[in-house]
Amino acid sequence: MPATVYLITGGCRSGKSSYAQALCEKLGSSTPIYLATSSSQGEYVDADMVDRIQRHQKDRETRLAGWKTIEAPLHPSEHLEEMVERVVLVDCLTLWLTNFMLEYKVFSLTGEDITAHERITAAEQASDAIKQEIETMIAQWNTTFVFVTNEIGSGNHASDAVSRTFVDHQGWLNQFVASKAKLVVHMVSGCPNVVKKVDDSGRGAKGSWMTQDDKDDAKLLDTFLSSRSMTMDSKGYFMVKLDENRIVASFYSCIVNDKGEVCDLQGNKIKCCNGGSKREPMKVWRGRTAKELTTAIFEVWDDAKKLDFTIGHAAYIGRELQRAEHCLYSNIPYQQD
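These notes cover the structure that comes with them. Not measured: the values here are computed from a predicted model. (Residues numbered from 1 in each chain as written. Predicted model: local features only at pLDDT ≥ 70, side-chain atom pairs only at ≥ 80, totals over all residues. Heavy atoms only, no water.)

As for the overall build of the protein chain
1) Next: Counting secondary structure elements, the protein chain contains nine helices and ten strands.
2) Next: Within the span of the protein chain, comprising 337 residues, buried residues form 37% of the whole.
3) Next: Residue pairs in contact within the protein chain that sit at least 24 positions apart in sequence constitute 68% of those at least 6 positions apart.
4) Next: Here the protein chain displays about 20,300 Å² of accessible surface, and carbon together with sulfur accounts for 50% of that area. (Helix = DSSP H or I, 4+ residues; strand = E, 2+ residues; numbered from the N terminus. Buried < 20%, exposed > 50% of the residue type's maximum accessible area, 1.4 Å probe, protein only. Contact = heavy atoms within 4.5 Å. Areas by Shrake-Rupley, 256 points an atom, 1.4 Å probe, with all protein chains shown as cover.)

This is the structure in structure tokens:
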């Protein structure tokens, strides 16, 4: 299974980078990676490029606190180990392609001239090289990539052969990445327009349809299984609900200290709400999907290992969170089983 790929495209100052940054943060990565395809060091920069890069660096320091930055003008795949289980913002494909065009001598910063045949051949080699680099990166299934690019062919027709060559290959590169993406967003004046969205939520065999009798039988079985007795964990229990377009899971402790008070793992008494008998939860999570919450509870939460949940209890929470997610996105009421 390849990596998850998103492509954000648009014209100059259309809001591409801001939208891509917000998308990366929504995807839940604790430390997203900003993969800058330009560097202030090296032979492919001039004074103007250095100034632009330094301004971008200062901007990232202000807006992207907590992000990790990697500068890789040609071969970011050399940093794949750092990208495992991370969200990576690649900004941008246009500068990245420029670097490859310079590397393969399609054009130069010092004005050397080549024949039309040499230019066409070199441009094809540069395009093949960057596509191979992208293929290498997205083969890493446990990384999410958000690519930013430019629609440079939407304006005036380029006046010279070199510019036309670049515009053509930029368009073909955009098509290549779009073909790999599950979401393509075209930004116009700060407004996102979804032009491609692949719905892969309905996994499984195609053409396997449930009849109404099948559905009724399944519901009867589900009702029967809901009435069975379950041995829950002695140290606490979960409550699940929907609140403000989010799934909320709360863990309530049943641990009692030497004074007979309900407490947390450190023995601290858990307060009651407004002096009443209703206890406050020991921990609360809010999320958009069952997978997001089960990951936070059973993989990220340090106390989960100390509480030593049974497999049955964990499976129950997974089922309830999945039901809650279905109700949330189907706009129907949810009640914990």
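Further notes follow.
Some thoughts on the packing of helix α7 (residues 290-300) against helix α9 (residues 311-330)
1) Next: Their axes nearest at 9 Å, the elements α7 and α9 cross at an angle of 150°. Viewed along their axes, α7 and α9 adopt a mutual orientation that is roughly antiparallel. Seen from above, α7 lies across α9 with right-handed handedness. For the pair formed by α7 and α9, the contact residues are Ala290, Lys291, Leu293, Thr294, Ile297 and Phe298 on the first element and Ala314, Ile317, Gly318, Leu321, Gln322 and Glu325 on the second.
2) Next: Residues that form the contact of α7 with α9 fall into these classes: seven nonpolar, three polar and two charged. (Axes fitted to C-alpha atoms, helices over the stretch in contact; angles between N-to-C directions. Parallel < 35°, antiparallel > 145°, perpendicular 65-115°, else oblique. Left-handed = near helix turned anticlockwise from the far one by under 90°. Nonpolar A, V, L, I, M, F, W, Y, C, P; charged D, E, K, R; others polar.)

What to know about the packing of aromatic side chains
1) Next: Under the counting rule described, the total for this entry stands at twelve aromatic pairs.
2) Next: Relative to Phe309, the ring of Phe238 has its centre 5.5 Å away and its plane inclined at 50°; by these criteria the two rings are tilted. Of this pair, Phe238 sits in strand β8 (residues 236-243) while Phe309 sits in the loop between α8 (303-307) and α9, placing them 71 residues apart in sequence. The two residues Phe238 and Phe309 agree in class, both being buried. (Phe/Tyr/Trp six-rings, centres within 6.5 Å; stacked < 30°, edge-to-face > 60°.)

Observations regarding a negative patch on the surface
1) Next: A surface patch of negative charge is lined by Asp213, Asp214, Asp216 and Asp217.
2) Next: With respect to the helices, strands and loops of the structure, Asp217 is situated in helix α6 (residues 212-226). (Patch = residues over 30% accessible without salt bridge, like charges linked within 9 Å, V, L, I, M, F, W, Y side chains within 5 Å. Salt bridge = Lys/Arg side-chain N within 4 Å of Asp/Glu carboxyl O. Lys, Arg positive; Asp, Glu negative; His and termini not counted. Charge placed at Lys NZ, Arg CZ, Asp CG, Glu CD.)

Re the side chain of Gln170
1) Next: Among the structural elements, Gln170 can be located in helix α5 (residues 161-180).
2) Next: Leave out the neighbours within four places in its chain, and Gln170 touches Leu93, Thr94, Leu97, Thr149, Asn150 and Ile152.

Some thoughts on the sheet that holds strand β4 (residues 87-91)
Backbone hydrogen bonds hold the strands of a sheet together, and the pairing may be parallel or antiparallel.
1) Next: The sheet built from seven strands is open, its strands ordered β3-β2-β4-β5-β1-β6-β7 with mixed pairing. Edge strands, defined here as strands with exactly one partner in the open sheet, are β3 (68-71) and β7 (191-197). Each strand of the sheet is rotated relative to its neighbour by a mean of 20°, with strand direction disregarded.
2) Next: Bridge count for β4 against strand β5 (residues 144-148) is five bridges, and the pairing is parallel. By the bridge assignment for β5, Val87 is matched with Thr144.
3) Next: Across the face of the sheet, helix α1 (residues 16-26) comes into contact with β1 (4-10), β2 (33-36), β4, β5, β6 (183-188) and β7 while running at roughly 155° to β1.
4) Next: In the packing of helix α4 (residues 116-138) onto the sheet, contacts are made with β1, β2, β4 and β5, and the angle to β5 comes to roughly 150°. (Pairing = 2+ DSSP bridges.)

Describing unusual backbone geometry
1) Next: Going from Asp91 to Cys92, the amide bond is cis rather than trans, its omega being 5°.
2) Next: Mapped onto the elements of the fold, Cys92 is located in the loop between β4 and α3 (93-103).
3) Next: Residues other than glycine seldom take positive phi values, yet Ser189 does so here, at roughly 50°.
4) Next: Residue position: Ser189 is located in the loop between β6 and β7.
5) Next: One non-glycine residue with positive phi stands out, namely Asn245, at about 60°.
6) Next: Within the element layout of this structure, Asn245 appears in the loop between β8 and β9 (246-253).
7) Next: Relative accessible area serves as the criterion here: at 61%, Asn245 is assigned to the exposed category.

Looking at a nonpolar patch on the surface
1) Next: A cluster of nonpolar residues, Leu221, Phe224 and Leu225, forms a patch on the protein surface that exposes about 310 Å² of accessible area.
2) Next: Along the chain, Phe224 turns up in helix α6.

Section: the side chain of Ser77
1) Next: As for its placement among the helices and strands, Ser77 is situated in the loop between β3 and β4.
2) Next: A distance of 2.6 Å separates polar atoms of two side chains, one belonging to Ser77 and the other to Glu133.
3) Next: Here Ser77 is in contact with Glu133, Thr136 and Met137, once residues within four sequence places are set aside. (Polar contact = N/O pair within 3.5 Å; in protein donor to acceptor, adjacent residues only side chain to side chain.)

A closer look at the environment of Val184
1) Next: In this structure, Val184 sits in strand β6.
2) Next: Look at Val184 and you get buried, because its relative accessible area is 6%.
3) Next: Ignoring any residue separated from it by four or fewer positions in sequence, one finds Val184 in contact with Leu7, Ala178, Asn193, Val194, Val195 and Lys196.

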